[in-house]
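Chain by chain, the residues:
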Amino acid sequence: MLKLNNSQLALLQLLGDGSCHSGIALGKTLGISRSAIWKQINQLLEAGIPVKRIAHKGYQLSNPLILLNDQKINNFLQIFKFPSIANLHIFNSIDSTNKFLKELPATKNVDICCAEIQSQGRGRFGRHWHSPFGENIYCSSRWNLHCDLSRLSGLSLVSSLAVLSTIKELSPLAEAQIKWPNDILWHNKKLCGSLIEVMAESNGIIQVIIGIGLNVHSDTKNQPLADSTWCSLMEITERRFDRNELVAKLMCHLAEYLSQFIEAGIKPFIEEWHNYDYLKGKFITVSQSTGSQSGTACGINELGQLILKDNEGKIHYISSGDASLKTR
Ligand code: BTN
């Protein structure tokens, strides 16, 4: 697992402005020799962090970088009026932010875990979640929900709507949509995925972990991933972001949506869902561990189940699965 020492972190902070810095200048600022800088840069390169060496000039990060910082996230949470107490757990590197929160002893607050890189980022259905250093948001949050387990049906849809509302706030014209149950797409390309894990219930409180993988700065045009079509916020908005601010915004939107969901269930969200439903009217196949079902997607019902009409006109209500578009 990637472990950054203090010099490497300080180097990344200096190089984060995106301009070229000479070895001498970097060494002077950090109080270490030029050759020590060279050694630290080599280690960053070995760890896969893209630092360019420019002959006779110095070092430059391929892209500007603002590192995750708990104080900054806390400040933004206050500015945006996050309604609860947040415990922040920020890591340079971690196996999986969801796994970290799963293993963390229960607290009364909202625990939020973010990392610059995940070595074992997890997606739905046991898939791997590509999590390169410093580019995107890998953020999990753990919430104590005061309700019965039976009321949680539709939670993943509501949490996706919260993420979508954050994206809409940043870029109101972005034509982002949600693919049931919780992929966020833009022009048929995946922008964000969520992994939701519900923990045991005790004293009427359910712990829920919401893991969000949001592509922020990945250069999806020039470095497409092999197995799927992806996009990033930068591609949509043509600007860069401070991920500290984005994390705080996401958490505030989640808090607002979750509180309304616990109070009133999924009903108040159904119209919003229909406005952004990517699958509506499309012929799809939903794969589940028990088999698969094809048909036309007809929105969701009041339990958050996908309504599927098969070729014989029979209606199926589907609670979970992986939906893909199908040509007839
Ligand atoms: C999916 O679309 O398959 C869900 C992807 C969820 C990825 C996020 S990144 C932060 C959190 N930690 C993980 O290991 N996974 C989730």
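In what follows, the accompanying structure is described. Computed from a predicted structure; not experimentally measured. Here, residues in each chain are numbered from 1, in the same order as that chain's written sequence. Predicted model: local features are reported for residues with pLDDT of at least 70 only, side-chain atom pairs are reported and counted for 80 or more only, and whole-chain, interface and lining totals are derived from all residues. Only hydrogens and water are set aside when side-chain values are computed; all heavy atoms of the structure are taken into account.

1. Regarding the overall build of the protein
Secondary structure counts use DSSP, requiring at least four H or I residues in a row for a helix and at least two E residues in a row for a strand, with both numbered from the N terminus. Secondary structure summary: the protein contains nine helices and 14 strands in total. Taken over the C-alpha atoms alone, the protein extends approximately 75 × 50 × 35 Å along its principal axes. Each residue gets one of three labels from its accessible area relative to the maximum for its type: buried under 20%, exposed over 50%, partly exposed in between, using a 1.4 Å probe on protein chains only. Within the protein, the proportion of its 328 residues that are buried is 53%. Throughout, a residue-residue contact means that at least one pair of heavy atoms, one from each residue, lies within 4.5 Å. Of all intrachain contacts in the protein linking residues separated by at least 6 positions in sequence, the fraction that spans at least 24 positions is 62%. Only carbon and sulfur atoms are counted for the fraction: they give 49% of the accessible area of the protein, which is about 16,000 Å². Each charge class in the protein can be summarised by its mean position, and for the 33 positive and 29 negative side chains these summaries are 5 Å apart. To be clear on the numbers: accessible area is Shrake-Rupley with a 1.4 Å probe, and residue cover counts the displayed protein chains and nothing else. Residues counted as positive are Lys and Arg, residues counted as negative are Asp and Glu, and His and the chain ends are not counted. Here the site of a charge means atom NZ of a Lys, CZ of an Arg, CG of an Asp or CD of a Glu.

2. Details of the side chain of Ser 131
Topologically, Ser 131 is positioned in the loop between strand S4 (110-118) and strand S5 (137-146). Here Trp 129 takes part through its backbone oxygen, which lies 2.8 Å from a polar atom of the side chain of Ser 131. Apart from the residues lying within four places of it in its own chain, the contact partners of Ser 131 are Ile 117, Gln 118, Gly 121 and Tyr 138. In protein, a polar contact means a hydrogen-donor-capable atom and an acceptor-capable atom, both N or O and within 3.5 Å, with residues adjacent in sequence counting only if both atoms are side-chain atoms; elsewhere, any N or O pair within 3.5 Å suffices.

3. Observations concerning the site of the ligand
Near the ligand, the surroundings consist of 20 residues, among which Ser 96, Gln 118, Arg 122, Arg 124 and Lys 190 are the closest. In the model, a nitrogen atom of the ligand is placed 2.9 Å from a nitrogen or oxygen of the Gln 118 side chain. Arg 124 is positioned with one of its backbone polar atoms (N or O) 2.7 Å from an oxygen atom of the ligand. Here the ligand loses 98% of its free accessible area of 410 Å² to cover by the protein chains. Those elements that provide at least two residues to the shell around the ligand are helix H5 (97-103), S5, strand S8 (189-202) and strand S9 (205-214). Element by element, the count of residues in the shell around the ligand is highest for S8, at four residues. Nearness of a residue to a molecule or strand requires only that one of the residue's heavy atoms be within 4 Å of it.

4. Concerning the pairing of strand S11 (residues 291-300)
Of the pairings in the sheet, the one linking strand S10 (residues 283-288) to S11 comprises six bridges and is antiparallel in character. Bridging from a neighbouring strand, Phe 283 pairs with Thr 296 of S11. Strand pairing is assigned whenever DSSP identifies at least 2 bridges connecting the two strands. Between S10 and S11, which pair antiparallel in sequence order, lie two residues. Summarising the sheet, S11 and strand S12 (residues 306-309) pair through three bridges and their orientation is antiparallel. Each bridged residue has a counterpart across the sheet, and for Ile 300 the counterpart in S12 is Leu 306. Following S11, the chain reverses through five residues before pairing antiparallel with S12; Gly 304 in that reversal takes a positive phi of roughly 80 degrees.

5. What about the packing of helix H4 (residues 70-79) against helix H8 (residues 243-264)?
Comment: axis = line fitted to C-alpha atoms, over the contacting stretch for helices; angle = value between 0 and 180 degrees taken between N-to-C directions. Contact geometry of H4 with H8 gives a least axis separation of 8 Å together with a crossing angle of 45 degrees. When the axes of H4 and H8 are compared, the pair comes out oblique. Relative to H8, the crossing made by H4 is right-handed. Seen from H4, the contacting residues are Lys 72, Ile 73, Phe 76 and Leu 77; seen from H8, they are Asn 244, Glu 245, Val 247, Ala 248, Met 251 and Cys 252. An angle counts as roughly parallel when it lies under 35 degrees, as roughly antiparallel when it exceeds 145, as roughly perpendicular when it falls between 65 and 115, and as oblique in every other case. The handedness criterion is simple: a crossing whose near helix is rotated anticlockwise from the far helix by less than a right angle is left-handed, and one whose near helix is rotated clockwise is right-handed.

6. Quick word on the pattern of salt bridges
Whenever Lys or Arg places a side-chain nitrogen within 4 Å of a carboxyl oxygen from Asp or Glu, that contact is recorded as a salt bridge. This structure, assessed with the given rule, holds 12 salt bridges. With its nearest N and O atoms 2.8 Å apart, the salt bridge here joins Asp 95 to Lys 99. Judged by relative accessible area, which is 31%, Lys 99 ranks as partly exposed. Linking Glu 235 and Lys 189 is a salt bridge whose minimum nitrogen-to-oxygen distance equals 3.1 Å. In this pair, Glu 235 is assigned in helix H7 (residues 233-237) and Lys 189 in strand S8, connecting sequence segments 46 residues apart. The exposure class assigned to Glu 235 is buried, which follows from its relative accessible area of 14%. Members of the salt-bridge network, linked through shared partners, are Asp 95, Lys 99 and Glu 103.

7. Re the sheet that holds S12
With antiparallel pairing, five strands are arranged side by side in an open sheet as S13-S12-S11-S10-S14. The open sheet has two edge strands, strand S13 (315-318) and strand S14 (322-325), and neither has a second partner. Between one strand and the next, the sheet's axes are offset by a mean angle of 45 degrees, whatever the strand orientation.

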